[in-house]
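Spelled out, the chains give:
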Amino acid sequence: MKGQEIQVNDIWNDDKQNKLKQFILLNAEKQTKERKLTNQLLSIQYKIEDYIRNENENEQILKVLDFVKMYLKTLDITQKRLADLFEMRDSNLHKYLVGERKLNPKLVLKLSHFSHTKPEYWIRIQVKNELIELKKENKNTGYYEKYDYRNLIEV
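These numbers come from a predicted model, not from an experiment.

Asks: Honestly, the overall build of the protein in this entry has me stumped. Any pointers?
Replies: What the protein contains, in helices and strands, is 8 helices and 0 strands. When the helices and strands of the protein are placed in sequence order, the string is α-α-α-α-α-α-α-α. At 23 Å, the protein has a C-alpha radius of gyration far larger than the 15 Å of a compact globule built from 155 residues. With the C-alpha coordinates of the protein rotated into their principal frame, the extents come out at 65 × 55 × 20 Å.

So, in structure tokens, the structure goes:
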């Protein structure tokens, strides 16, 4: 056996994977409702962070609305109720969330306090989506190449 590599299946065979799943499920059932809610909210925050960091140009565009819907579903509240909390009309809030209107600082702070996330996350989602759209519009046109500093200097 000397010199033989350990294979993944030697460590994570079906029996061990099933035991781990059972352990996770058993411990998940023991969590309080508050802990489960906290975990779900953290999961959404991590999804936001992953979306912001991911630079794959082919990834699906997620709007602010998509993330807000995750919070609404987790908290079992409606967008109308959220609009009431934010002291605005539901239709007005919807226009911001789908990107018809740009997020303003007051709404960003409301979203931030509601979701217990950094205000920058909401701005970064919006900016990322705007940049993705611009890149799609100008793909293969070379439009922005004219702004390269090398066009101003001799190398």
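Asks: Before we go on, may I ask you to explain a nonpolar patch on the surface in this structure?
Replies: Where nonpolar side chains cluster on the molecular surface, the patch consists of Ile6, Val8, Ile11, Trp12, Leu20, Phe23 and Ile24 and spans about 720 Å² of accessible area. Elements supplying a minimum of two residues to the nonpolar patch: helix H1 (8-11) and helix H2 (14-29). When residues of the nonpolar patch are assigned to their parent elements, the largest contribution, 3 residues, is made by H2. Along the polypeptide, Val8 turns up in helix H1.

Asks: Just checking my understanding: could you explain the nonpolar core for this structure?
Replies: Across soluble globular proteins, you tend to see nonpolar side chains buried next to one another. The biggest cluster of nonpolar side chains holds 27 residues, and the ones touching the most others in it are Ile48 and Trp122. Residue assignment for this core shows that the elements contributing at least two residues are helix H3 (33-53), helix H4 (64-75), helix H5 (79-85), helix H6 (90-97), helix H7 (105-115) and helix H8 (119-137). Here this core gets 6 residues from one element, more than from any other, and that element is H4. When residues no more than four places from it in sequence are discounted, the contact partners of Ile48 are Phe67, Tyr71, Tyr121, Trp122 and Ile125.

Reading the values: rules and limits
- Residues numbered from 1 in each chain as written.
- Predicted model: local features only at pLDDT ≥ 70, side-chain atom pairs only at ≥ 80, totals over all residues.
- Heavy atoms only, no water.
- Helix = DSSP H or I, 4+ residues; strand = E, 2+ residues; numbered from the N terminus.
- Rg over C-alpha atoms; globule rule 2.2 N^0.38 Å.
- Patch = residues over 30% accessible without salt bridge, like charges linked within 9 Å, V, L, I, M, F, W, Y side chains within 5 Å.
- Areas by Shrake-Rupley, 256 points an atom, 1.4 Å probe, with all protein chains shown as cover.
- Salt bridge = Lys/Arg side-chain N within 4 Å of Asp/Glu carboxyl O.
- Core = buried A, V, L, I, M, F, W, Y, C linked by side-chain atoms within 4.5 Å.
- Buried < 20%, exposed > 50% of the residue type's maximum accessible area, 1.4 Å probe, protein only.
- Contact = heavy atoms within 4.5 Å.

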